[in-house]
Amino acid sequence: MSHDQNFKNLILEYPQQALAFLAGDEAEGLERGARVTPLRQEQLQQRLGERFRELDVALQVEWPNGERAALLFVIEEETRSRRFDLYRLAHYCLDLAVLCATDRVVPVVVFLDDGAARQRLRLGGERRTYLDFHYLACHLPRLPYRAYRDSDNLVARLNLPNMAWSTRAEKLDAYAAAVRGLLGLESDAERRRKYADFIDIYAGLDDNERREYERAYPQESEAMAGLVQQSWDEGREQGLEQGVRRGEARSVLLILESRFGRVPPELRARIEALEAEQLEALIPRALRIADPDELLSDD
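Let me begin by describing the structure that accompanies this report. (Residues numbered from 1 in each chain as written. Predicted model: local features only at pLDDT ≥ 70, side-chain atom pairs only at ≥ 80, totals over all residues. Heavy atoms only, no water.)

Topic: the overall build of the protein
Under the convention used in this document: Here a strand is any run of E in DSSP of at least two residues, a helix any run of H or I of at least four, and the numbering for each starts at the N terminus. Relative accessible area decides the class of each residue, using a 1.4 Å probe on protein chains only: under 20% of the type maximum gives buried, over 50% gives exposed, and in between gives partly exposed. Should any heavy atoms of two residues lie within 4.5 Å, those residues are considered in contact. To be clear on the numbers: accessible area is Shrake-Rupley with a 1.4 Å probe, and residue cover counts the displayed protein chains and nothing else.
Regarding its fold elements, the protein presents 11 helices and 7 strands. Relative to its 299 residues, the protein shows a buried fraction of 42%. Nonlocal contacts in the protein, meaning residues at least 24 apart in sequence, comprise 66% of its contacts between residues at least 6 apart. Surface accessibility of the protein: about 16700 Å² in total, with carbon and sulfur atoms responsible for 46%.

Shown next as structure tokens:
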């Protein structure tokens, strides 16, 4: 999983907390029962074409009782600010406004580095500006981690390692505070394991830092090690299961190919989608059928 995908998952799984942290007063009132709905990317891709990039997250916010008109938030994460394309973002926001028949669109860009990025786009002539486009910028490395060290916003806590710290001691303190936030604010075991990896990836501790962290924060270190180990064990188990399944599918396909020649693509796809136990049961059947189409029949 890439860093960008990790960040996108964080926004989609905690949309209200992400908006409260990243969008400031534009997201005011979320705590009063506002409904946040991610717009389905498949539909946006289909309607907006290749200009839509999967890293953009579009969220629709609706307030109860019409307290505020609905807003669309476009959140883009940039690992490297030099790659940020202001024209592309403006184009996407305009397309989205047309698609959703609204002018209430708030673009938010989250930068994971402290590089320079163009802030404003003005189109016009000598005397007038006809388009003035800018966005909410959240440069995580410019945020002092101590301002969010004890926050009850999980998205902020998980991003403490991405914020500003000056010394190794502060870096380790940010890492430990992020772990405490995960353990204290998230009760779901699966998400705990997932975002333990998130913290670990973005903190990027070297061997010396990790040893120092283990000495300075033994409780957090032990809890984190347990979460990472569970995640690794699950990944290994899933990998083994996938390996067995692929092997069984290959065995069935080899039998069919040796008996009947080329396997039709539709049948191949159906076979490869089966579970290992189902595939194992198909091996003797593949040896006795008279036609490949009989393999998955109910007879």
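Section: the pattern of salt bridges
Keep this limit in mind: Salt bridges, as used here, are contacts in which a Lys or Arg side-chain nitrogen is within 4 Å of a carboxyl oxygen on Asp or Glu.
Under the definition given, this model contains 14 salt bridges. With a closest N to O distance of 2.8 Å, arginine 120 and aspartate 132 form a salt bridge. You can see arginine 120 sitting in strand S5 (residues 120–124) and its partner aspartate 132 sitting in strand S6 (residues 129–134), a full 12 residues away along the chain. We note a salt bridge from arginine 168 to glutamate 212, for which the minimum N-O separation is 3.2 Å. Pair noted here: arginine 168 is in helix H6 (residues 168–185) and glutamate 212 is in helix H8 (residues 207–216), with a separation of 44 residues, a long-range link. Looking at arginine 168, the relative accessible area reads 36%, which means it is partly exposed. A relative accessible area of 26% means that glutamate 212 is categorised as partly exposed.

Some points on the packing of H6 against H8
The test is simple: Here the axes come from fitting lines to C-alpha atoms, over the contacting stretch only for helices, and the angles between their N-to-C directions go from 0 to 180 degrees. Left-handed is the label given to a crossing in which the near helix is rotated counterclockwise from the far helix by less than a right angle, and right-handed is the label when the rotation is clockwise.
Put simply, H6 and H8 touch, their axes get as near as 10 Å, and they point 65° apart. Regarding H6 and H8, the two cross each other, and that crossing is right-handed. Here Arg168, Lys171, Leu172, Tyr175, Ala176 and Val179 of H6 lie close against H8, whose contacting residues are Asn208, Glu209, Arg210, Glu212 and Tyr213.

Quick word on the nonpolar core
Note that soluble globular proteins tend to have their nonpolar side chains buried in a common cluster. This is how the line gets drawn: The set of buried Ala, Val, Leu, Ile, Met, Phe, Trp, Tyr and Cys residues whose side-chain atoms join them within 4.5 Å is what this entry labels a nonpolar core.
Counting residues in hydrophobic clusters, the biggest one holds 53 residues, and the most contacted among them are Leu19 and Phe73. In terms of residues, this core owes the most to one element, H6, which gives 8 residues. The residues touching phenylalanine 73, leaving out its near neighbours within four places in the chain, are Leu19, Ala23, Glu26, Ala27, Val57, Ala58, Leu59, Val61, Val106 and Val108. Counting residues in each nonpolar core, the second largest holds 19 residues, with Leu39, Tyr92, Cys93 and Val109 among its members.

Topic: helix H4 (residues 86–100)
Operational definition: In a helix, the anticipated span is given by 1.5 Å times the number of residues less one. Any pair of N or O atoms that falls within 3.5 Å is considered a polar contact. Within protein, one atom must be able to donate a hydrogen and the other to accept it, and sequence-neighbouring residues count only if both atoms are side-chain atoms.
In a regular helix each residue adds 1.5 Å, so 15 residues correspond to 21 Å; H4 covers 21 Å between its end C-alpha atoms and thus fits that length. For H4, the full list of buried residues reads Leu86, Arg88, Leu89, Ala90, Tyr92, Cys93, Asp95, Leu96 and Ala97. Here H4 starts with a cap whose side-chain oxygen sits 3.1 Å from the backbone nitrogen of tyrosine 87, and that cap is aspartate 85. Directly after H4, the chain includes alanine 101, whose backbone phi takes a positive value near 55°.

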